[in-house]
Amino acid sequence: MQSAFIVFRLARHLSVHVAHTIESQVETYPDDWRLDLASIILFGAFAGVSVGAWTGGIHTVYVASKVPLLLIGTLLIGLPSMALLGRLLGCSLSLTETASLTLSSIARTAVVLGALSPVTTYFALTLPSRGVSVYRAVVLLQVFSFAIAGFVGVAALRKRLARVVLSRSHQLRIICLWLFIYSFVGAQLTWLLRPFLGNPGATVEYLRPYGERIGVDSNFYVSVYLLIKHSLF
């Protein structure tokens, strides 16, 4: 009964919390972190559906579960480094306070991804074919949409961070550090959680074989560079 009450309370406050998240305002609800998690799971799933729609079928469900996992997993992996190195740069936030700030930033990123999902879904579903060149275009579009959402999330993070770190130079250094850690971890975790779109004609699977995910050539940045290179030349 208590769990049902908590779910009802979260659902009741979620829309207000999302509005405050978009405006980078600080909520006073005691369940802020739960509302942030609910936003990440809900809107991350919407974004996952938009990514998986290009392949369709059960793959859409797979990706809808993997995008929230990607967002939350990146935070969990990078959080200790963010908290420790942030303190070395003059940020006096504790691990809990760092988690609260970054969680709210990721929640805003997820909301933006969810807002962009109708556009990316429409683009993917109205393409004339399912060939390799179209696949590359859809991949680059998704990378671009995630980059936009990440930028908006960082902007929210800086606005919230300014309330607890008064020095602008410290704010900038902390933001750059956190952005580097989160981008580095998130990009590689994206690679390890493949497939998201699914290669044309490939077997639908939740994860690629272990050797392919962990092999020497398993690098997100090299993959994006090759996609851009093959798309332009």
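Each chain has its residues counted from 1, running along the sequence as written. Under the rules for a predicted model, residues below a pLDDT of 70 receive no local features and side-chain atom pairs below 80 are neither given nor counted, while totals for whole chains, interfaces and linings still include all residues. Excluding hydrogens and water, the side-chain figures rest on all heavy atoms present in the structure.

Helix and strand definitions here come from DSSP, where helices need a minimum of 4 consecutive H or I residues and strands a minimum of 2 consecutive E residues; each element is numbered from the N-terminal end. Looking only at helices and strands, one finds eight helices and zero strands in the chain. Shown N-terminal to C-terminal, the secondary structure of the chain runs as helices and strands in the order α-α-α-α-α-α-α-α. Note on contacts: a residue pair qualifies if any of its non-hydrogen atoms lie within 4.5 Å across the two residues. Long-range pairs, those at least 24 residues apart, make up 69% of the contacts in the chain between residues at least 6 apart in sequence. As displayed, the chain offers around 12,400 Å² of accessible surface, 71% of which is attributable to carbon and sulfur atoms. Accessible areas in this description were obtained via Shrake-Rupley with a 1.4 Å probe; residue shielding takes into account the shown protein chains only.

This part takes up the side chain of threonine 121. Here threonine 121 shows up in helix α4 (residues 95–125). Residue classification places threonine 121 among the buried positions, given a relative accessible area of 19%. For threonine 121, the residues in contact, after removing those within four places along its chain, are Ser50 and Ala53. With a 1.4 Å probe rolled over the protein chains alone, any residue whose accessible area is under 20% of its type maximum counts as buried; one over 50% counts as exposed, and the rest are partly exposed.

So, about empty space enclosed by the protein. Computed over the protein atoms alone on a 1 Å grid, cavities are sets of points where a 1.4 Å probe fits but cannot get out and pockets are open sets with protein on both sides within 12 Å along at least five of seven lines; a residue lines them when it has an atom within 4 Å of a point. Grid points are joined across faces, edges and corners, and a volume is the space filled by probe spheres set on the points. Per the stated rule, a full pass over the model turns up one cavity of 30 Å³ or more. Taken as a whole, the largest cavity spans an internal volume of roughly 50 Å³. What lines the largest cavity is simply Ala47, Ser50, Val51, Leu113, Leu116, Ser117, Thr120, Gln142, Ser145 and Phe146. At the level of secondary structure, the elements contributing two or more residues to the lining of the largest cavity comprise α2 (32–52), α4 and α5 (132–161). Among the elements that take part in the lining of the largest cavity, α4 stands out by supplying four residues, more than any other.

With that settled, the discussion passes to the packing of aromatic side chains. For Phe, Tyr and Trp, where Trp contributes only its six-membered ring, two rings pair if their centres lie within 6.5 Å, and the inter-plane angle classes them as stacked under 30 degrees, edge-to-face over 60, or tilted in between. Summed over all chains, the structure comprises three aromatic pairs. Their ring planes at 85 degrees and their centres at 5.9 Å tell us that phenylalanine 43 and phenylalanine 46 sit as a pair that is edge-to-face. Residue phenylalanine 43 and its partner phenylalanine 46 are both found in helix α2; the two are separated by three residues, about one turn of the helix. Judged by relative accessible area, which is 42%, phenylalanine 46 ranks as partly exposed. Summarising the aromatic geometry, the rings of phenylalanine 180 and phenylalanine 184 are spaced 6.2 Å apart at their centres and angled 20 degrees between planes, so their arrangement reads as stacked. Of the two residues, phenylalanine 180 and phenylalanine 184 both sit in helix α6 (residues 168–192), four residues apart, roughly one turn of that helix. The exposure class assigned to phenylalanine 180 is exposed, which follows from its relative accessible area of 58%. Criterion for a charge above a ring: Arg CZ or Lys NZ at most 6 Å from the ring centre, at most 35 degrees from the ring normal. Just above the ring of tyrosine 206 sits the side chain of lysine 66; from NZ or CZ to the centre is 5.1 Å.

Attention now moves to the confidence of the model for the chain. Confidence of the predictor in every single residue is expressed as pLDDT, which spans 0 to 100. For the chain, the average pLDDT comes to 78, and 76% of its residues sit at 70 or higher. Highest mean pLDDT in the chain belongs to helix α3 (residues 58–88) (91); lowest belongs to helix α1 (residues 2–22) (50). Note that residues 1–8 has pLDDT below 50 and, in this model, one contact with residues that lie over four places away or in other chains.

Between its terminal C-alpha atoms α3 stretches 46 Å, which fits the 45 Å expected from 31 residues at 1.5 Å a residue. The angle separating two fitted axes, one through the seven residues that finish at a residue and one through the seven that start at it, defines the bend at that residue. At glycine 78, α3 shows its strongest bend, of approximately 45 degrees, with the proline proline 80 following within four residues. Glycine 90 occupies a position one or two residues after α3 and carries a positive phi of about 105 degrees. Take the residue count of a helix, subtract one, and multiply by 1.5 Å to get its expected span.

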